[in-house]
Amino acid sequence: DAGITQSPRHKVTETGTPVTLRCHQTENHRYMYWYRQDPGHGLRLIHYSYGVKDTDKGEVSDGYSVSRSKTEDFLLTLESATSSQTSVYFCAISESNQGAYNEQFFGPGTRLTVL
Amino acid sequence: GNSVTQMEGPVTLSEEAFLTINCTYTATGYPSLFWYVQYPGEGLQLLLKATKADDKGSNKGFEATYRKETTSFHLEKGSVQVSDSAVYFCALSSGNTPLVFGKGTRLSVIA
């Protein structure tokens, strides 16, 4: 299994509080991704990174920010959590974004509940 | 833009039944195609992939053939087991953009 961990695995927080989720990899892969998964919507890309300090937005980036100061860590921050951000969040990594090398490996997920 | 369309679920089958989950795609260029599986409470994991037309990906008894003429990559298994109950995602990679996923199809296999 690819070495990807996410922390915390479960979190309950209140509306308006900041939340940071961490993804850590031991594979030295260049690309890292944050997704959210919600019933009826499948998997939606929030942000991704193509190198240290290099990030780009996905389809549902509003209300989220990311940072990558080291190859192995990719942080997702909800500046002021809202109930609509209650979801399961997955981190993924890939060696490349080209063709078959775009194969992504996923972490175990973080279940976030915003009350 | 690139997109993937999967059949809506849920799909419920009896053990040993034949499985087909349809997947069609729209893409520029020549995409690579993937099937991922998500077991309850876990992240997605790659099930199989195909990188060019007429390639067949296979793993754990599952197969899918890259059909360029019909822009399809249908997932099949000859005899499903209860342990195959999961959500299945079709995905494509085209150009230098992140993977594009379908919405997923939930499969339930009953004994």
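Before reading on, note that the structure itself is shown above.
None of these values were measured; they are calculated from a predicted model.

Broken down by element type, chain B carries zero helices and twelve strands. Written out in order from the N terminus, the α and β elements of chain B read β-β-β-β-β-β-β-β-β-β-β-β. Taken over C-alpha atoms, the radius of gyration comes to 13 Å for chain B, in line with the 13 Å a tight globule of 111 residues would show. Reported as C-alpha extents along the three principal axes, the dimensions of chain B are approximately 45 × 25 × 20 Å. A burial count over chain B gives 45% of its 111 residues as buried. Counting every atom, chain B has about 5200 Å² of accessible surface; 47% of that belongs to carbon and sulfur. For chain B, the distance from the average site of its 9 positive side-chain charges to the average site of its 10 negative ones is 7 Å.

As a further point, take the environment of B:Ser83. All names here are of chain B. Assignment of secondary structure puts Ser 83 in the loop between β9 (75-77) and β10 (86-93). Ser 83 gets classed as exposed once you look at its relative accessible area, which sits at 55%. Note: C-alpha distance between Ser 83 and Met 7 (76 residues apart in sequence) is 21 Å.

With that settled, the discussion passes to the nonpolar core. Grouped together as the largest cluster of nonpolar side chains are 26 residues, with contacts concentrated most on B:Trp35, B:Leu47, B:Leu48, B:Phe73, B:Leu75 and B:Tyr88. Those elements that provide at least two residues to this core are β2 (11-14), β3 (19-21), β4 (23-26), β5 (32-38), β6 (45-50), β8 (62-65), β10 and β12 (105-110) of chain B. Those residues in contact with B:Leu48, other than ones at most four positions away along the chain, are B:Leu33, B:Phe34, B:Trp35, B:Gly57, B:Ser58, B:Asn59, B:Phe62, B:Glu63, B:Ala64, B:Phe73 and B:Leu75. Residues A:Val19, A:Trp34, A:Ile93 and A:Leu112 belong to the second largest nonpolar core, which totals 19 residues.

Next up on the list: the state of the cysteines. Tallied over the full model, the rule gives two disulfides over all chains. Across the disulfide from A:Cys23 sits A:Cys91; the S-S distance is 1.9 Å. What sets the handedness of the A:Cys23 and A:Cys91 disulfide is the S-S torsion sign, and at about -70° it is left-handed. Highlighted residues: A:Cys23 in strand β3 (residues 19-25) and A:Cys91 in strand β9 (residues 87-94), separated in sequence by 68 residues. Accessibility expressed as a relative area gives 0% for A:Cys23, which makes it buried. With relative accessibility at 0%, the residue A:Cys91 sits in the buried group. Through a disulfide, B:Cys23 is tied to B:Cys90; the S-S separation comes to 2.0 Å.

It is worth spelling out the sheet that holds strand β8 (residues 73-78) of chain A at this point. All names here are of chain A. Taken together, four strands build an open sheet; the order of strands is β1-β3-β8-β7 and the sheet is antiparallel. Looking at which strands have only one partner, the edges of the open sheet turn out to be β1 (4-7) and β7 (64-70). Looking at each pair of strands side by side, their axes are set apart by 20° on average, direction ignored. Where β1 and β3 come together, four bridges link them in antiparallel fashion. From the neighbouring strand, Thr 5 faces β3, where its bridge partner is His 24.

To continue, consider the interface of chain B and chain A. In this complex, chain B contributes 20 residues to the contact, which on the side of chain A involves 21 residues. Counting each side, the surface lost to burial between chain B and chain A is near 1500 Å², with a carbon and sulfur contribution of 54%. Among the residues chain B hides against chain A, the three largest losses belong to B:Leu44, B:Pro98 and B:Phe101. Together they make up 28% of the total. Counting across the interface, chain B meets chain A through one salt bridge. A salt bridge links A:Glu103 to B:Lys49; the nearest nitrogen and oxygen atoms lie 3.1 Å apart. In this assembly, chain B and chain A are joined by three residue pairs in polar contact (both at pLDDT 80 or more). Broken down by secondary-structure element, the contributors of at least two residues to the side of chain B that touches chain A are β5, β6 and β10 of chain B. With four residues, β5(B) is the single largest residue contributor to the side of chain B that touches chain A. Taken together, the residues that form the side of chain B that touches chain A break down as eight nonpolar, nine polar and three charged.

Rules of the game
- For every chain, the first residue of the written sequence is number 1, and numbering continues from 1 onward in sequence order.
- Following the order in which they are written, the chains are lettered starting with A and the ligands numbered starting with 1.
- Only residues with pLDDT of 70 or above have their local features reported here, since the model is predicted, and side-chain atom pairs are shown and tallied only from 80 upward, although totals for entire chains, interfaces and linings are computed over all residues.
- Hydrogens and water molecules were not included; the side-chain quantities draw on all heavy atoms of the structure.
- A run of H or I in DSSP counts as a helix once it spans at least four residues, and a run of E counts as a strand once it spans at least two, with each numbered from the N terminus.
- C-alpha atoms define the radius of gyration in this analysis, and the globule rule sets the expected value at 2.2 Å times the number of residues to the power 0.38.
- For every residue, the accessible area (1.4 Å probe, protein chains only) is compared with the maximum for its type, and the residue is labelled buried under 20%, exposed over 50%, or partly exposed between those bounds.
- Computed with a 1.4 Å probe, the accessible areas rest on the Shrake-Rupley method; for each residue, only the protein chains presented here act as cover.
- Here the positive residues are Lys and Arg and the negative ones are Asp and Glu; neither His nor the chain ends is included.
- Where a charge lies is defined by one atom per residue type, namely NZ (Lys), CZ (Arg), CG (Asp) and CD (Glu).
- Grouping buried Ala, Val, Leu, Ile, Met, Phe, Trp, Tyr and Cys residues that are joined through side-chain atoms within 4.5 Å yields what is termed a nonpolar core.
- Contacts are assigned to residue pairs with any non-hydrogen atoms lying within 4.5 Å of each other.
- Whenever a pair of cysteine sulfur atoms sits within 2.5 Å, that pair is classed as a disulfide.
- Strands pair, by our definition, only if DSSP identifies at least two bridges between them.
- For helices, the fitted axis covers only the stretch in contact; all axes are lines through C-alpha atoms, and the angles between them, taken along N-to-C directions, range from 0 to 180 degrees.
- Defined here as a combined quantity, buried area equals the accessible surface (1.4 Å probe) lost by two parts on assembly, summed across both.
- Salt bridge, as applied in this entry: a Lys or Arg side-chain nitrogen positioned within 4 Å of an Asp or Glu carboxyl oxygen.
- We call two N or O atoms a polar contact when they sit within 3.5 Å, provided that within protein one can donate a hydrogen and the other can accept it, with sequence-adjacent residues counted only if both atoms are side-chain atoms.
- Ten residue types, Ala, Val, Leu, Ile, Met, Phe, Trp, Tyr, Cys and Pro, are classed as nonpolar, four, Asp, Glu, Lys and Arg, as charged, and the remainder, Gly among them, as polar.

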